[in-house]
Amino acid sequence: MKEEFLTNEIIQSATDALRRRFSLSPRVGIILGSGLSAVAEVVQAEAVIPYPEIPHFPHSTVEGHMGRLVVGHLEGQPVMVMQGRAHYYEGYSMAQVTLPVRVMQMMGAEILIVTNAAGGLNPAFHPGDVMIIRDHINLIGMAGLSPLRGPNLDRFGPRFPDMSAAYDRELRALARWVAMEVNIPVREGVYICLAGPSFETPADIRFLRMIGADAVGMSTVPEVTVARHGGMRVLGLSGISNVAILEGEGPGPSHEEVLAAGRVLAPRLEAIIRGVLRQL
Ligand code: HPA
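Novice: How would you sum up the side chain of Glu223? Please name residues and give values.
Specialist: For Glu223, the position within the fold is in helix α6 (residues 221-229). Judged by relative accessible area, Glu223 falls into the buried class, the value being 2%. A distance of 2.8 Å separates the side chain of Glu223 from the side chain of Arg85, its partner in a polar contact. What Glu223 contacts, discounting residues up to four positions off in sequence, is Ile31, Arg85, Ala86, Val97, Thr98, Val101, Leu112 and Val114.

And the structure:
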(Lines give C-alpha, C1' and ligand atoms only; values in the text may rest on other atoms or scores of the structure.)
Protein backbone atom coordinates (compact mmCIF):
# COMPACT_ATOMS: atom_id res chain seq x y z
CA MET A 1 0.00 0.00 0.00
CA LYS A 2 1.17 3.50 -0.75
CA GLU A 3 0.99 5.41 2.53
CA GLU A 4 0.84 9.12 1.77
CA PHE A 5 1.70 10.21 5.32
CA LEU A 6 3.64 8.49 8.08
CA THR A 7 1.85 8.00 11.39
CA ASN A 8 3.30 7.19 14.79
CA GLU A 9 1.62 3.77 14.51
CA ILE A 10 3.40 2.93 11.25
CA ILE A 11 6.77 4.04 12.63
CA GLN A 12 6.15 2.15 15.86
CA SER A 13 5.23 -1.10 14.14
CA ALA A 14 8.42 -1.08 12.02
CA THR A 15 10.46 -0.20 15.12
CA ASP A 16 8.88 -2.95 17.23
CA ALA A 17 9.62 -5.51 14.51
CA LEU A 18 13.31 -4.51 14.55
CA ARG A 19 13.51 -4.55 18.35
CA ARG A 20 12.48 -8.20 18.18
CA ARG A 21 15.40 -8.93 15.85
CA PHE A 22 18.34 -7.29 17.66
CA SER A 23 19.19 -5.63 20.96
CA LEU A 24 21.85 -3.18 19.79
CA SER A 25 21.04 0.51 19.98
CA PRO A 26 22.63 2.21 16.95
CA ARG A 27 24.24 5.60 17.38
CA VAL A 28 24.74 6.20 13.67
CA GLY A 29 22.41 5.46 10.77
CA ILE A 30 24.06 5.03 7.37
CA ILE A 31 22.29 4.99 4.01
CA LEU A 32 24.19 3.54 1.05
CA GLY A 33 23.21 4.70 -2.42
CA SER A 34 23.47 3.25 -5.93
CA GLY A 35 26.42 0.92 -6.35
CA LEU A 36 27.74 1.73 -2.86
CA SER A 37 26.38 -1.33 -1.02
CA ALA A 38 29.83 -2.83 -0.45
CA VAL A 39 30.43 -0.57 2.55
CA ALA A 40 27.96 -2.68 4.56
CA GLU A 41 30.08 -5.81 4.05
CA VAL A 42 32.68 -4.54 6.53
CA VAL A 43 30.18 -4.16 9.38
CA GLN A 44 30.54 -6.72 12.18
CA ALA A 45 26.91 -7.65 11.84
CA GLU A 46 24.62 -8.62 14.66
CA ALA A 47 21.61 -8.82 12.34
CA VAL A 48 20.96 -8.65 8.60
CA ILE A 49 17.31 -8.04 7.80
CA PRO A 50 15.86 -7.90 4.26
CA TYR A 51 13.47 -4.95 3.89
CA PRO A 52 10.46 -7.17 3.02
CA GLU A 53 10.69 -8.57 6.58
CA ILE A 54 10.16 -5.12 8.11
CA PRO A 55 6.54 -3.89 8.23
CA HIS A 56 5.85 -0.89 5.94
CA PHE A 57 9.48 -0.66 4.78
CA PRO A 58 9.81 0.25 1.11
CA HIS A 59 11.65 -2.35 -0.98
CA SER A 60 14.27 -1.14 -3.39
CA THR A 61 13.52 -2.23 -6.95
CA VAL A 62 16.64 -0.75 -8.55
CA GLU A 63 19.72 -2.72 -9.60
CA GLY A 64 22.66 -1.86 -7.37
CA HIS A 65 20.46 -1.56 -4.28
CA MET A 66 20.64 -4.69 -2.11
CA GLY A 67 17.58 -3.98 -0.01
CA ARG A 68 18.60 -5.05 3.46
CA LEU A 69 19.39 -3.58 6.81
CA VAL A 70 22.73 -4.45 8.39
CA VAL A 71 23.01 -3.80 12.12
CA GLY A 72 26.23 -4.15 14.05
CA HIS A 73 29.52 -2.42 14.78
CA LEU A 74 31.84 -0.52 12.48
CA GLU A 75 35.01 1.02 13.92
CA GLY A 76 33.60 0.37 17.37
CA GLN A 77 30.40 2.36 16.74
CA PRO A 78 26.96 0.76 16.85
CA VAL A 79 25.50 1.36 13.40
CA MET A 80 22.38 0.62 11.41
CA VAL A 81 23.21 0.49 7.71
CA MET A 82 20.70 0.58 4.88
CA GLN A 83 22.20 -1.38 2.04
CA GLY A 84 20.18 0.31 -0.67
CA ARG A 85 17.28 2.75 -0.46
CA ALA A 86 13.91 3.38 -2.05
CA HIS A 87 13.29 6.35 -4.34
CA TYR A 88 10.26 8.44 -5.17
CA TYR A 89 10.53 7.45 -8.84
CA GLU A 90 9.94 3.80 -7.92
CA GLY A 91 6.37 4.72 -7.03
CA TYR A 92 6.73 5.22 -3.29
CA SER A 93 5.36 8.26 -1.51
CA MET A 94 7.86 10.70 -0.05
CA ALA A 95 6.73 9.52 3.39
CA GLN A 96 7.54 5.89 2.58
CA VAL A 97 10.95 6.79 1.21
CA THR A 98 11.83 8.37 4.55
CA LEU A 99 10.33 5.79 6.96
CA PRO A 100 13.76 4.16 7.53
CA VAL A 101 15.14 7.46 8.85
CA ARG A 102 12.31 7.76 11.39
CA VAL A 103 12.93 4.17 12.44
CA MET A 104 16.69 4.74 12.78
CA GLN A 105 15.96 7.60 15.11
CA MET A 106 13.46 5.55 17.12
CA MET A 107 16.15 2.88 17.52
CA GLY A 108 18.50 5.50 18.99
CA ALA A 109 20.48 6.96 16.08
CA GLU A 110 21.56 10.57 16.62
CA ILE A 111 23.63 10.90 13.48
CA LEU A 112 22.75 10.15 9.86
CA ILE A 113 25.46 9.52 7.28
CA VAL A 114 23.82 9.56 3.88
CA THR A 115 25.49 8.69 0.59
CA ASN A 116 24.43 8.81 -3.03
CA ALA A 117 25.67 8.53 -6.56
CA ALA A 118 25.34 11.87 -8.29
CA GLY A 119 26.01 13.56 -11.60
CA GLY A 120 28.67 16.26 -11.53
CA LEU A 121 27.39 19.69 -12.63
CA ASN A 122 30.41 21.68 -11.48
CA PRO A 123 32.78 21.68 -14.49
CA ALA A 124 35.74 20.97 -12.19
CA PHE A 125 34.29 17.61 -11.08
CA HIS A 126 35.34 14.22 -12.49
CA PRO A 127 33.81 10.75 -12.20
CA GLY A 128 35.18 9.09 -9.07
CA ASP A 129 35.30 12.34 -7.07
CA VAL A 130 33.80 12.46 -3.60
CA MET A 131 31.76 15.55 -2.70
CA ILE A 132 30.95 16.44 0.88
CA ILE A 133 27.48 17.97 0.75
CA ARG A 134 27.61 21.51 2.16
CA ASP A 135 23.96 22.28 1.42
CA HIS A 136 21.17 21.14 -0.84
CA ILE A 137 18.51 22.54 -3.11
CA ASN A 138 15.20 20.80 -2.54
CA LEU A 139 13.87 21.22 -6.07
CA ILE A 140 11.58 18.22 -5.72
CA GLY A 141 10.25 19.60 -2.43
CA MET A 142 9.73 23.11 -3.77
CA ALA A 143 7.36 21.54 -6.26
CA GLY A 144 5.32 20.17 -3.34
CA LEU A 145 6.87 16.76 -2.72
CA SER A 146 7.85 17.06 0.92
CA PRO A 147 8.06 14.00 3.17
CA LEU A 148 6.75 16.27 5.95
CA ARG A 149 3.44 16.95 4.16
CA GLY A 150 0.49 15.86 6.27
CA PRO A 151 -0.09 15.94 10.02
CA ASN A 152 3.08 16.98 11.84
CA LEU A 153 4.68 14.29 13.99
CA ASP A 154 5.20 16.48 17.06
CA ARG A 155 7.24 13.85 18.92
CA PHE A 156 9.98 14.27 16.29
CA GLY A 157 10.00 17.98 15.56
CA PRO A 158 8.15 21.20 14.77
CA ARG A 159 5.73 21.92 11.93
CA PHE A 160 8.17 24.32 10.28
CA PRO A 161 11.65 22.88 10.77
CA ASP A 162 14.80 24.98 10.36
CA MET A 163 16.95 23.92 7.40
CA SER A 164 19.53 26.69 7.65
CA ALA A 165 22.31 24.31 8.74
CA ALA A 166 21.15 20.97 7.41
CA TYR A 167 24.63 19.49 6.98
CA ASP A 168 26.50 19.57 10.29
CA ARG A 169 29.51 21.86 10.18
CA GLU A 170 31.59 19.74 12.60
CA LEU A 171 30.89 16.51 10.74
CA ARG A 172 31.85 18.17 7.45
CA ALA A 173 35.12 19.39 8.94
CA LEU A 174 35.77 15.91 10.35
CA ALA A 175 35.09 14.29 6.96
CA ARG A 176 37.48 16.75 5.27
CA TRP A 177 40.17 15.99 7.85
CA VAL A 178 39.72 12.23 7.52
CA ALA A 179 39.83 12.44 3.72
CA MET A 180 43.11 14.32 3.94
CA GLU A 181 44.54 11.74 6.36
CA VAL A 182 43.68 8.84 4.03
CA ASN A 183 44.72 10.76 0.92
CA ILE A 184 41.37 10.97 -0.80
CA PRO A 185 40.76 14.30 -2.53
CA VAL A 186 37.31 15.66 -1.71
CA ARG A 187 35.16 18.45 -3.06
CA GLU A 188 32.49 20.29 -1.15
CA GLY A 189 29.32 21.54 -2.78
CA VAL A 190 25.58 21.81 -3.20
CA TYR A 191 23.48 18.76 -4.07
CA ILE A 192 20.21 19.14 -5.91
CA CYS A 193 17.43 16.55 -5.85
CA LEU A 194 15.22 15.89 -8.86
CA ALA A 195 12.46 13.30 -9.00
CA GLY A 196 13.95 11.32 -11.91
CA PRO A 197 14.07 8.66 -13.25
CA SER A 198 14.97 10.31 -16.56
CA PHE A 199 18.37 11.96 -16.58
CA GLU A 200 18.65 15.68 -17.33
CA THR A 201 18.43 17.45 -20.66
CA PRO A 202 21.22 19.88 -21.60
CA ALA A 203 18.80 22.73 -20.81
CA ASP A 204 18.08 21.18 -17.39
CA ILE A 205 21.81 21.06 -16.74
CA ARG A 206 22.34 24.72 -17.68
CA PHE A 207 19.47 25.66 -15.36
CA LEU A 208 20.76 23.55 -12.46
CA ARG A 209 24.23 25.07 -12.78
CA MET A 210 22.80 28.55 -12.94
CA ILE A 211 20.89 28.15 -9.68
CA GLY A 212 24.01 27.04 -7.84
CA ALA A 213 24.05 23.24 -7.80
CA ASP A 214 27.32 21.28 -8.02
CA ALA A 215 25.89 17.75 -8.19
CA VAL A 216 22.52 16.29 -9.17
CA GLY A 217 20.74 13.17 -8.01
CA MET A 218 17.40 11.55 -7.24
CA SER A 219 17.59 10.93 -3.50
CA THR A 220 19.01 12.12 -0.16
CA VAL A 221 17.12 15.40 0.23
CA PRO A 222 13.88 13.78 1.49
CA GLU A 223 15.84 11.68 4.00
CA VAL A 224 17.86 14.68 5.19
CA THR A 225 14.69 16.76 5.55
CA VAL A 226 13.19 14.12 7.84
CA ALA A 227 16.43 13.63 9.77
CA ARG A 228 16.68 17.38 10.42
CA HIS A 229 13.01 17.53 11.40
CA GLY A 230 13.90 14.98 14.07
CA GLY A 231 17.02 16.90 15.12
CA MET A 232 19.56 14.34 13.87
CA ARG A 233 23.01 15.57 12.83
CA VAL A 234 23.69 14.85 9.17
CA LEU A 235 26.76 14.12 7.08
CA GLY A 236 26.10 13.82 3.34
CA LEU A 237 28.56 12.33 0.84
CA SER A 238 28.02 12.26 -2.92
CA GLY A 239 30.01 9.95 -5.13
CA ILE A 240 30.32 11.64 -8.51
CA SER A 241 29.54 8.80 -10.90
CA ASN A 242 29.36 10.77 -14.14
CA VAL A 243 29.53 14.35 -15.30
CA ALA A 244 26.76 16.37 -16.89
CA ILE A 245 26.71 16.31 -20.66
CA LEU A 246 25.75 19.33 -22.74
CA GLU A 247 24.75 19.33 -26.43
CA GLY A 248 27.21 17.69 -28.76
CA GLU A 249 29.42 16.29 -26.00
CA GLY A 250 28.51 12.66 -26.56
CA PRO A 251 26.07 10.19 -25.02
CA GLY A 252 24.52 11.05 -21.66
CA PRO A 253 24.80 9.06 -18.44
CA SER A 254 23.53 5.51 -17.98
CA HIS A 255 22.72 3.46 -14.88
CA GLU A 256 25.53 1.06 -15.87
CA GLU A 257 27.98 3.96 -15.75
CA VAL A 258 26.66 4.92 -12.31
CA LEU A 259 27.15 1.36 -11.02
CA ALA A 260 30.63 1.07 -12.56
CA ALA A 261 31.71 4.31 -10.87
CA GLY A 262 30.40 2.85 -7.61
CA ARG A 263 33.18 0.27 -7.73
CA VAL A 264 35.72 3.09 -7.59
CA LEU A 265 33.72 5.23 -5.19
CA ALA A 266 32.69 2.60 -2.63
CA PRO A 267 36.22 2.10 -1.22
CA ARG A 268 36.72 5.87 -1.03
CA LEU A 269 33.46 6.43 0.77
CA GLU A 270 34.18 3.46 3.02
CA ALA A 271 37.52 4.96 4.05
CA ILE A 272 35.92 8.31 4.85
CA ILE A 273 32.97 6.80 6.73
CA ARG A 274 35.25 4.53 8.78
CA GLY A 275 37.54 7.43 9.62
CA VAL A 276 34.61 9.58 10.72
CA LEU A 277 33.18 6.75 12.85
CA ARG A 278 36.56 6.26 14.53
CA GLN A 279 36.64 9.92 15.55
CA LEU A 280 33.08 10.27 16.81
N1 HPA B 1 21.64 12.80 -12.84
C2 HPA B 1 20.76 12.47 -11.89
N3 HPA B 1 20.97 11.51 -11.00
C4 HPA B 1 22.13 10.85 -11.06
C5 HPA B 1 23.10 11.15 -12.03
C6 HPA B 1 22.83 12.17 -12.99
O7 HPA B 1 23.64 12.48 -13.88
N8 HPA B 1 24.14 10.31 -11.81
C9 HPA B 1 23.82 9.54 -10.74
N10 HPA B 1 22.60 9.87 -10.29
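Novice: Describe the packing of helix α4 (residues 169-181) against helix α7 (residues 255-279), with residues and values.
Specialist: Here α4 crosses α7 at 120 degrees, and the two axes come no closer than 9 Å. Here α4 lies oblique to α7, going by the angle between them. The hand of the α4/α7 crossing is right-handed. Along the contact surface, α4 presents Leu174, Ala175, Trp177, Val178 and Ala179, while α7 presents Ala271, Ile272, Gly275, Val276 and Gln279. For the contact of α4 with α7, the class distribution of residues is eight nonpolar, two polar and no charged.

Definitions and cut-offs
- Residues numbered from 1 in each chain as written.
- Predicted model: local features only at pLDDT ≥ 70, side-chain atom pairs only at ≥ 80, totals over all residues.
- Heavy atoms only, no water.
- Helix = DSSP H or I, 4+ residues; strand = E, 2+ residues; numbered from the N terminus.
- Buried < 20%, exposed > 50% of the residue type's maximum accessible area, 1.4 Å probe, protein only.
- Polar contact = N/O pair within 3.5 Å; in protein donor to acceptor, adjacent residues only side chain to side chain.
- Contact = heavy atoms within 4.5 Å.
- Axes fitted to C-alpha atoms, helices over the stretch in contact; angles between N-to-C directions.
- Parallel < 35°, antiparallel > 145°, perpendicular 65-115°, else oblique.
- Left-handed = near helix turned anticlockwise from the far one by under 90°.
- Nonpolar A, V, L, I, M, F, W, Y, C, P; charged D, E, K, R; others polar.

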